[in-house]
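An overview of the molecular structure
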Amino acid sequence: TQLLEQSPQFLSIQEGENLTVYCNSSSVFSSLQWYRQEPGEGPVLLVTVVTGGEVKKLKRLTFQFGDARKDSSLHITAAQPGDTGLYLCAGGGGGATNKLIFGTGTLLAVQP
Amino acid sequence: NAGVTQTPKFRILKIGQSMTLQCAQDMNHNYMYWYRQDPGMGLKLIYYSVGAGITDKGEVPNGYNVSRSTTEDFPLRLELAAPSQTSVYFCASSYQGASGRVTGELFFGEGSRLTVL
């Protein structure tokens, strides 16, 4: 069974601080997606990475896919209260069904 | 454009009751999924469908059934509700082209919160 472990589980920081969320597995994935979920809503896609070592930037968010395609990280620079939410990584196996394995989630609270 | 619509948003069931969670999408997506989300456990795949008339089990299918008679609708049926089925249920859809693109974005509904007492 493929598992994706995220760390930390919870993170409470002050506005302006930097943070990194990790997503680790012993399995290889063909792609890795990051979603953000706000209370009472469904997850929304932030980014997809598909190449080992790939780095993508989305404004203050930087996403990296590990060289071996078993892990990923999300780094937020100068966090803002609007970044508050549940961050989920999801690994794709590359099959035709597009089934994703979701990580355990990281709950981020950014205090003003 | 409504995207993925789930009903009801909230429901309380007694043990042994049955119910259907409705899911509809208007994006002409061929792939649809049902996930459940428990605190600290991420999202677990219950069932999925790659097109009308085709369904398959995910990681946690026991106690659930699905059907896909049209491209738009993908209802999830709970036949004999149990407390272990207390959760938030999410329906999602994605588009998989003929080229076999495998990095498709999942579009989620707002969720249905189910409590079984």
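Reading the values: the criteria
- Residues numbered from 1 in each chain as written.
- Chains lettered and ligands numbered in written order.
- Predicted model: local features only at pLDDT ≥ 70, side-chain atom pairs only at ≥ 80, totals over all residues.
- Heavy atoms only, no water.
- Helix = DSSP H or I, 4+ residues; strand = E, 2+ residues; numbered from the N terminus.
- Rg over C-alpha atoms; globule rule 2.2 N^0.38 Å.
- Buried < 20%, exposed > 50% of the residue type's maximum accessible area, 1.4 Å probe, protein only.
- Pairing = 2+ DSSP bridges.
- Axes fitted to C-alpha atoms, helices over the stretch in contact; angles between N-to-C directions.
- Contact = heavy atoms within 4.5 Å.
- Buried area = accessible area lost by both parts, 1.4 Å probe.
- Polar contact = N/O pair within 3.5 Å; in protein donor to acceptor, adjacent residues only side chain to side chain.
- Nonpolar A, V, L, I, M, F, W, Y, C, P; charged D, E, K, R; others polar.
- Salt bridge = Lys/Arg side-chain N within 4 Å of Asp/Glu carboxyl O.
- pLDDT = per-residue confidence, 0-100.

1. Structural notes on the overall build of chain B
Helices and strands together make up the secondary structure of chain B, namely zero helices and 11 strands. In chain B, the succession of α and β elements from N to C terminus is β-β-β-β-β-β-β-β-β-β-β. Relative to the globule expectation of 13 Å for 117 residues, the C-alpha radius of gyration of chain B, 14 Å, shows essentially globular dimensions. Counting only C-alpha atoms, chain B reaches 45 × 30 × 25 Å along its principal axes. In chain B, buried positions account for 45% of the 117 residues.

2. Some thoughts on the environment of A:G82
All names here are of chain A. Tracing the chain through its elements places G82 in the loop between β8 (71-76) and β9 (85-92). When its relative accessible area of 54% is taken as the criterion, G82 is described as exposed. Expressed as a C-alpha distance, the spacing of G82 and V110, which sit 28 residues apart in the sequence, is 7.7 Å.

3. Quick look at the sheet that holds strand β1 (residues 4-7) of chain B
Residue and element names in this part refer to chain B. Taking strand neighbours across the sheet as the criterion, the four strands line up as β1-β3-β8-β7 in an open arrangement whose pairing is antiparallel. Edge positions in the open sheet fall to β1 and β7 (64-66), since each of these has one partner strand only. Pairs of neighbouring strands in the sheet enclose a mean axial angle of 20 degrees, with direction left out of account. Where β7 meets strand β8 (residues 76-78), three bridges bridge the pair, whose relative direction is antiparallel. Bridging from a neighbouring strand, N65 pairs with R77 of β8.

4. Comments concerning the interface of chain B and chain A
Counting residues at the interface gives 23 residues for chain B and 25 residues for chain A. Summing both sides of the interface, chain B and chain A together bury roughly 1,900 Å²; the carbon and sulfur share of this comes to 54%. Run the count over chain B and chain A and you get two residue pairs in polar contact (both at pLDDT 80 or more). Sorting the residues of the side of chain B that touches chain A by element identifies β4 (31-37), β5 (43-51) and β9 (87-94) of chain B as the ones contributing at least two each. Among the residues forming the side of chain B that touches chain A, the class breakdown is 12 nonpolar, eight polar and three charged.

5. Description of the pattern of salt bridges
Throughout the structure, instances matching the rule amount to five salt bridges over all chains. With its nearest N and O atoms 2.9 Å apart, the salt bridge here joins A:D83 to A:R60. Of this pair, A:D83 sits in the loop between β8 and β9 while A:R60 sits in the loop between β6 (55-58) and β7 (61-65), and the two are 23 residues apart along the sequence. For A:D83, a relative accessible area of 4% puts it in the buried group. Given a relative accessible area of 24%, A:R60 falls into the partly exposed group. Measuring nitrogen to oxygen at the nearest pair gives 3.4 Å for the salt bridge that ties B:K9 to B:E110. Of the two residues, B:K9 sits in the loop between β1 and β2 (10-13) while B:E110 sits in the loop between β10 (107-108) and β11 (112-116), which places them 101 residues apart along the sequence.

6. Considering the confidence of the model for chain A
Detailed reading of the predicted coordinates is not advisable wherever pLDDT falls low. When the pLDDT values of chain A are averaged, the result is 92; 96% of them are 70 or greater. Strand β3 (residues 19-24) of chain A holds the highest mean pLDDT among the elements of chain A, 97, whereas strand β10 (residues 100-102) of chain A holds the lowest, 90.

7. Considering the sheet that holds β8(A)
As a general point, the strands of a sheet are linked pairwise by backbone hydrogen bonds and lie either parallel or antiparallel. Residue and element names in this part refer to chain A. Read from one edge of the open sheet, five strands run β1-β3-β8-β7-β6, paired in antiparallel fashion. Each edge of the open sheet carries a strand with a single partner, namely β1 (5-7) and β6. The sheet shows a mean angle of 15 degrees between the axes of neighbouring strands, taken without regard to direction. As judged from the four bridges shared by β6 and β7, these two strands associate in the antiparallel manner. Bridge assignment links K57 to a residue of β7, and that residue is T62.

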